[in-house]
Amino acid sequence: MKKPNIPIPHAEFKAAALVAGTAALIVAFVLYVLSARGFFEDTQRLVLVTDNSEGIRSGMDLSFSGFPVGRVNRVELADDGNVRILIDVPTKDARWLRESSVFTLERSLVGDTRLRAFSAILADPPLADGAERPVLRGDAGEQIPQVMAAAKALLENLERMTAADAPLNAALGHLQSVTARMQGRYGALAGVLGSDDNAQKVIAAIDRSNALLAKADARLFGAGGVVDGSQAAVAELHGLLREVRDSLRRVDAILADAQVVAASARGASADLGALRSEVEASVRKAGRLIDEINAKWPFARDTEIKLP
Amino acid sequence: MNGNALPAPPRGPAGPTAGWWRMLHVAALLLAASLSPAAWTRATRRAVADQVCLTALRTLPWFTLLSGLLSLVLVHIVVVTAQSYGLTQFALGTVIRVLVVELLPLAAALFVALHGGLADAAPAADAEDETPAVTGAIPRALLAQVVARAVAVVALATLAGGIALLLAYLGVYGFTPWGIAAFTRTVGQVFDPIVLMSLGLKTALFAVAVATVPAACDPERAADARAGEAAAGATLHATVRLFAVLIAVETLSLVAEFF
C-alpha cells in the first residue's frame, strides 16, 4: 500500500472514532449475549433427574406452554448413575412451575430435544428453589428398534404368504382358475360346478324339469285334467252331503219319537213297581199258607230239637 | 524491497520449516513492538492514525456493502429453505452460526489482506518513516501498517457481524419488534461461552495473521530478490502462507466449537 502524499485531515480523530466505535460494538455485543444467556437475571435452581442425557446440552430451554421459562445450566452424572440436569429458572418465570408440575423430555427424529413443563394446577404451592423432579421421557428414536422388529416380522409373514407354495398363493391360484372358468360359456355355474360338462348337465336337468312341469300343468289344469275331475267330485260330494243332511234330519225325528217312547216306558216302569209289590205280598201269603199246611200236615217233619 | 523494512534475519538452513520459523520470529517481533508502550510516540500514533484511515476507513464502506449483500442473500436462502422443510425454528440459529460466527470474520480477514495488497506489505520509505519506532527494532511505518491492518480486520468483522444480525432479524421476523425476545433467546443459545470465546479468539488471530504475516514475509522476499528470484513469486509465497495461517486458525476454531 502506498503512503498518501496528501495528509489526511483529522486522521487521529477518525482512527480513534473507529477504534472506539468498534470497541463499543464489541462490548455491547458481549453484554447483549450475556443478557440473552440470563447472566443478569435472578434465577432459582431446578434439578431434573433422568436416566439418559442424550440430546440435552447446556443452554437449551425448558419451555412451558411453548414459552421458555428456564435454561439448562449444566448436566452432570450422579453417584447413582442417574443424570442430573441443572436448570436455571428466572425468578419472574418461576411462578409457572408448581409442586404438582410434570416435566418431560421429548426426543424427536428430526430437530432438537425438548424439555417441557406442565403445570395443571396453578393454585398449587410454587416449586421450591433447588427442587428435584423426575423427568418423563418420550423418545421417538427408542421406538425405532421395536418398529423395525415389527416391520421385519410383517415382511417375513408377507414373504411366507407370497411364497410359491403358500396357502394364500394357492388360494389365489384357485380363485384365478374359478374366475377363469366363470369367463366361459356357462359363467358362474361352470365356476361353481367345476366344469362345463357339469354345468351342461344342470342346464339339461332344468330343461327336463321345465318340460315335466309343462306336462304336469297340462294334466292338472288342462281340459279333462285332474282339476276338472276334482271339481266334479266336489259337486257330487256336495249332493251326497245334502242327502246325508236330510237323512240326519229324519233320524232326528225318529229320535224325538224314541224320546217320547222312553218317557212312556218310564211311566210303565212305575206301575210295574206297584205290581211287583203286590206280587211279592201274594207270594209271601202263599208261603205262609204252605207253612201252615205243612205244620198241620201229618207227614210233617219233627222239627223239635231234643236236648240230651 | 523497501529500505525501511526489517533487516533480514540471518538465514538458517533452507527449507520450508526454516522459512516458517523465520516468519513466526518476525511476526512475534512485530506483535511485541505493537504492544510495546515505548513504541507509541506521538509520531507513531500519527502514522498509525493515517494507516488506519487508509486501511480501515477506506475499506469499510465497500466491505459493509458486500457483506450486507452476502448476508441478505444467505439469510433469504436459509429462511426460505427452512420454511420449505418446516424447520423455521432452526433458520435463525443457522444464519447466525454461518454468517456471524464463521463466514464474516474470515471474509473480513481476506478482504483486508487482498484489498491492502500483499505486494505492498511494507509501506514506501521516506526519511521520517525510516526512523525505528523502537530503537534498533521496527520501523514506524511498518508498525503503523501492522496495527492498521489488525484494527481493520476487527472493525470490519464487528460491523459486518452487527449488520448480519440485524438483517437476520429482519429476514426472519420482518419489521416488527415482537420477535426481539425470541431473537435474543436464540442469540443466547448460539453464543454459548465456548462459541463466544472462539469467535473472539479467532477474530483476534485473523487480525494478527493479516497484520503480521505479509510483513514478516517481507525480509525473506528481500533475500529471495537478492538471490534473483522473481518478486511476484515471492508475493505469491506470502499470500499462500497467509491463507494457510487463516485456514489453520479457522480449523482450530471449528475444532474448539464442535468437538
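Colleague: Could you give an account of the overall build of chain A, naming the residues involved and the relevant values?
Modeller: A count of helical and extended segments in chain A gives six helices and seven strands. Across chain A, helices and strands are ordered from the amino to the carboxyl terminus as α-β-β-β-β-β-β-β-α-α-α-α-α. Counting every position in chain A, which comprises 308 residues, the buried fraction comes to 10%. A sequence separation of at least 24 residues applies to 53% of the contacts in chain A between residues at least 6 apart.

Colleague: Could you give an account of the nonpolar core, naming the residues involved and the relevant values?
Modeller: Counting 78 residues, the largest nonpolar core has V153 and L156 of chain B as its most contacted members. Per-element accounting of this core gives the leading share, 23 residues, to helix α4 (residues 140-173) of chain B. Among residues more than four places away in sequence, those in contact with L156 of chain B are T59, L60, F63, A108, F111 and V112 of chain B. Ranked by size, the runner-up nonpolar core spans 18 residues in total, among them V69, I85, L97 and F103 of chain A.

Colleague: Any chance you could break down the pairing of strand β2 (residues 61-64) of chain A for me, citing the residues and the numbers?
Modeller: Residues and elements named next belong to chain A. Because side chains alternate across β2, one face comprises the buried residues L62 and F64, and the other comprises D61 and S63, none of which is buried. With antiparallel pairing between neighbouring strands as the criterion, β2 and strand β3 (residues 67-77) make up a hairpin whose turn holds two residues, including S65 at a positive phi of roughly 55 degrees. Relative to strand β6 (residues 114-118), β2 runs parallel, the two sharing three bridges. Bridging across to β6, L62 finds its partner in L115.

Colleague: Give me the interface of chain B and chain A: which residues, what numbers.
Modeller: Across the boundary between the two partners, chain B contributes 30 residues, which contact 20 residues of chain A. Listed by contribution, the elements that provide at least two residues to the side of chain B that touches chain A are α2 (42-84), α4 and α5 (180-190) of chain B. With ten residues, α2 of chain B is the single largest residue contributor to the side of chain B that touches chain A. Of the residues that constitute the side of chain B that touches chain A, the class distribution is 16 nonpolar, eight polar and six charged.

Rules used throughout
Residues numbered from 1 in each chain as written. Chains lettered and ligands numbered in written order. Predicted model: local features only at pLDDT ≥ 70, side-chain atom pairs only at ≥ 80, totals over all residues. Helix = DSSP H or I, 4+ residues; strand = E, 2+ residues; numbered from the N terminus. Buried ≥ 20, exposed ≤ 12 C-beta atoms within 10 Å, placed from the backbone. Contact = placed C-beta atoms within 7 Å. Core = buried A, V, L, I, M, F, W, Y, C linked by C-beta atoms within 7 Å. Pairing = 2+ DSSP bridges. Nonpolar A, V, L, I, M, F, W, Y, C, P; charged D, E, K, R; others polar.

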